[in-house]
Amino acid sequence: MHPLIRYVIVLAAVPVFTTAAVHAHKSPSPDRNAQAKAVMEASFQAKGQAGMDRLDQDKTQALCSLHAPAAPPAGAAAKVLAANQAMVKLPSDGKFLGDWKRGQAIAEEGKGEQYSDDPTKPSGGNCYACHELDKQQIAYGTIGPSLYHYGKNRGRSEPMLKLTWSMLYDMKGYTVCSAMPRFGSKGILTEQQLKDVMALLYDPDSPVNK
Amino acid sequence: MRLKIGKLTFWLTIVAGAGTSLAGSLVWAQTAPDPVAEYRAMFGDDNPAVLWTLRGQDLWKEVRGSKHVSLAKSCDLGMGTGIIKGAYAHLPRYFADTKKVQDMESRLLTCMVDGQGMDKAAILKNRFGEGDRKSDLEALAAYVVDASNGVAISLPLEHPEEKRAYALGKAIFFYRAGTHDFSCASCHGQVGKRIRLQQLPDLAGPGKDARDTYATWPAYRVSQGEVRTMEWRIGDCFRQQRLPQLKYGSEAAIDLTMFLAKNAEGGKMAAPGLKR
């Protein structure tokens with residue numbers, strides 16, 4: 001190739017690189033997560049049940065971090081939403097409802113999965129931390145919507161039970177960047193615990209529906 | 001001083017009783033729109049943190065370590081050697097001697113270890129006091145921050161490393177991970193929310209919540225009976241996020257503090273504060 005032609009090609013390529021650099025400054029850097037993780041890897045140490053693998057992000061976590069506080073792009077969000085929906089396992093015996101009293105204890109319990117918690121004990125759901133559930137427990141949080149009269153307002157049809165089960169199991173299948181943990185997909189609650197929480201929401205005797 | 005401590009003990013007794021009823025009495029919570037604020041008001045000017053501040057003052061002036069020097073004669077918190085007035089309101093910042101951005105805690109550690117020749121492992125082992133085992137770092141933190149009372153938080157981020165720390169702090173603030181998918185923003189990304197009865201400040205960007213929160217740390221934590229610093233606060237948030245343990249003086253702690261401090265810019269320091 002003639003040296004002059006090569007020179008012209010190089011010159012032509014320069015503006016492309018410049019534009020790319022400016023653009024990267026304006027939108028969230030694609031490796032913002034990687035940069036955060038590199039710092040965190042050097043800044044944390046495993047303790048108790050919380051190993052360093054807790055810093056690894058899955059696709060949902062990565063997508064919802066990268067653009068935050070802005071919402072992720074619709075196309076990528078739809079894919080991750082579908083992947084979370086596909087995670088849901090319905091109850092093996094087809095029964096959605098357990099014992100609402102046990103469900104209430106699970107809803108009150110905030111411990112579970114922290115390095116300060118006993119890993120041999122079952123985790124709580126900590127529902128009251130974010131949701132109003134009934135009129136007895138007034139020490140409830142407001143990050144999530146009120147669930148008072150949840151079952152009373154919805155009835156107990158099969159599709160409705162299935163929907164609620166799926167939301168408890170993996171809320172990211174409905175609102176991709178929801179603040180709510182994926183209690184089933186992430187193995188926080190067992191199938192029986194999920195049934196008990198379902199009963200808390202749906203049982204006519206539960207304080208939620210009084 | 002004797003009188004002051006006597007008065008403190010009196011108030012602490014009252015508050016210990018109130019704490020018990022706070023946990024037990026839902027009725028009170030129903031009638032009081034912000035029980036934590038009422039509870040705080042009961043202390044008036046009597047913040048037990050004064051005990052930490054006084055001990056911190058002694059520690060600051062004491063000749064210690066293998067290098068036989070006081071912090072007052074050797075420690076530069078960014079305003080010049082020995083100067084503490086206003087120092088906290090301009091931290092974290094870049095320090096040329098360590099070539100790092102440092103927050104108050106990591107800088108105090110540098111001063112004690114490199115400046116005074118004290119044993120790093122021993123200081124870190126005692127970083128969070130408990131009962132009779134008091135932390136030098138927490139006492140020094142109370143003393144240093146007290147000297148910024150009324151000073152406006154200001155971080156110009158002039159050094160590229162300071163800008164970098166802010167950007168990384170922001171990335172960490174929004175970084176979701178762990179069994180529960182939580183990031184700092186899961187709890188601190190909206191205005192006017194609470195967890196159980198505890199109000200959650202919105203710390204995701206500049207604003208009143210960001211200013212009021214940052215300006216009142218370090219703080220005397222009534223439920224723990226100790227003065228805690230921002231590094232303790234951030235570390236305990238990460239525990240609840242189900243992440244591993246945050247290392248004291250680590251880059252993530254400093255970067256995140258930089259993000260929170262910058263968002264609090266313009267707020268006037270009012271620490272040590274008083275927290276539930």
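As a starting point, this report considers the structure included with it. Since the model is a prediction, treat every value here as computed from it, not as a measurement. (Residues numbered from 1 in each chain as written. Chains lettered and ligands numbered in written order. Predicted model: local features only at pLDDT ≥ 70, side-chain atom pairs only at ≥ 80, totals over all residues. Heavy atoms only, no water.)

### So, the overall build of chain B
1) Next: Helices and strands together make up the secondary structure of chain B, namely 13 helices and 8 strands.
2) Next: Counting over 276 residues, chain B shows a buried share of 52%.
3) Next: Considering only residue pairs separated by 6 or more positions, chain B has 67% of its internal contacts joining residues 24 or more positions apart.
4) Next: In the form shown here, chain B has an accessible surface area of approximately 11800 Å², with 55% of it arising from carbon and sulfur atoms. (Helix = DSSP H or I, 4+ residues; strand = E, 2+ residues; numbered from the N terminus. Buried < 20%, exposed > 50% of the residue type's maximum accessible area, 1.4 Å probe, protein only. Contact = heavy atoms within 4.5 Å. Areas by Shrake-Rupley, 256 points an atom, 1.4 Å probe, with all protein chains shown as cover.)

### Topic: the state of the cysteines
Residue and element names in this part refer to chain B.
1) Next: On inspection of all chains with the given rule, the structure shows 2 disulfides over all chains.
2) Next: The disulfide partner of Cys75 is Cys111, and the S-S distance across this bridge is 2.1 Å. Negative torsions about the S-S bond denote left-handed disulfides, and the value of about 75° found for Cys75 with Cys111 makes this one right-handed. Remark: Cys111 occurs in helix H6 (residues 104-115) and Cys75 occurs in the loop between helix H5 (71-74) and strand E1 (93-95); sequence separation between them is 36 residues. Judged on exposure class, the residue Cys75 and its partner Cys111 are both buried.
3) Next: We note that Cys184 lacks a disulfide partner, and the nearest cysteine sulfur, in Cys237, lies 6.9 Å from it. (Disulfide = S-S within 2.5 Å.)

### Here we look at the interface of chain A and chain B
Think of interface size as the accessible area that goes away when the parts come together; that is how it is often given.
1) Next: With 54 residues of chain A at the interface, the matching set in chain B holds 40 residues.
2) Next: Both faces considered, chain A and chain B share a buried interface measuring about 4100 Å² in area, 58% of it formed by carbon and sulfur atoms.
3) Next: Seen at the junction of chain A and chain B, the total is 3 salt bridges.
4) Next: With its nearest N and O atoms 2.6 Å apart, the salt bridge here joins B:Asp181 to A:Arg182.
5) Next: Scanning the region where chain A abuts chain B turns up 26 residue pairs in polar contact (both at pLDDT 80 or more).
6) Next: Mapped onto the side of chain A that touches chain B, the elements with two or more residues apiece are helix H2 (32-43), strand E1 (44-45), helix H3 (59-66) and helix H5 (100-108) of chain A. (Buried area = accessible area lost by both parts, 1.4 Å probe. Salt bridge = Lys/Arg side-chain N within 4 Å of Asp/Glu carboxyl O. Polar contact = N/O pair within 3.5 Å; in protein donor to acceptor, adjacent residues only side chain to side chain.)

### Section: the packing of aromatic side chains
1) Next: Scanning the entire structure with this criterion turns up 12 aromatic pairs over all chains.
2) Next: The interplanar angle of 70° and the centroid separation of 5.9 Å between the aromatic rings of A:Phe96 and A:Trp165 together place this pair among those described as edge-to-face. With A:Phe96 in the loop between helix H4 (74-85) and H5 and A:Trp165 in helix H6 (residues 158-169), this residue pair connects regions lying 69 residues apart in the sequence. The same class applies to A:Phe96 as to A:Trp165, namely buried.
3) Next: Where B:Tyr166 meets B:Phe259, the ring centres are 5.4 Å apart and the plane angle is 45°; that geometry is what we call tilted. One end of the pair, B:Tyr166, is in helix H9 (residues 160-173); the other, B:Phe259, is in helix H13 (residues 251-263), and 93 residues separate them in sequence.
4) Next: With relative accessibility at 22%, the residue B:Tyr166 sits in the partly exposed group.
5) Next: Ring-pair connections join several aromatic residues into one group, and the members of that group are B:Tyr166, B:Phe173, B:Phe174 and B:Phe259.
6) Next: Just above the ring of A:Tyr148 sits the side chain of A:Lys135; from NZ or CZ to the centre is 4.8 Å.
7) Next: Between the NZ or CZ atom of B:Arg107 and the centre of the ring of B:Phe95, over which it lies, the distance is 3.8 Å. (Phe/Tyr/Trp six-rings, centres within 6.5 Å; stacked < 30°, edge-to-face > 60°. Lys NZ or Arg CZ within 6 Å of the ring centre and 35° of its normal.)

### Overview of the environment of B:Arg194
1) Next: Tracing the backbone through its elements, the reader meets B:Arg194 in strand E3 (residues 193-195).
2) Next: Leaving out residues up to four positions away in the same chain, B:Arg194 has contacts with A:Ala129, A:Ile138, A:Tyr140, A:Gly141, A:Thr142, A:Ile143, B:Gln199 and B:Leu200.
3) Next: Within the local environment of B:Arg194, its side chain forms a polar contact with the backbone oxygen of A:Tyr140, the two atoms lying 2.8 Å apart.

### Points about the packing of H5(A) against helix H7 (residues 191-202) of chain A
All names here are of chain A.
1) Next: Across the interface, H5 lies against H7 with an axial gap of 7 Å and an inter-helix angle of 100°. Looking at the two axes, H5 sits roughly perpendicular to H7. Touching Trp100, Arg102, Gly103, Gln104, Ile106 and Ala107 of H5 are Gln192, Gln193, Asp196, Val197, Ala199 and Leu200, all from H7.
2) Next: Among the residues making up the contact of H5 with H7, the classes are represented as 6 nonpolar, 4 polar and 2 charged. (Axes fitted to C-alpha atoms, helices over the stretch in contact; angles between N-to-C directions. Parallel < 35°, antiparallel > 145°, perpendicular 65-115°, else oblique. Nonpolar A, V, L, I, M, F, W, Y, C, P; charged D, E, K, R; others polar.)

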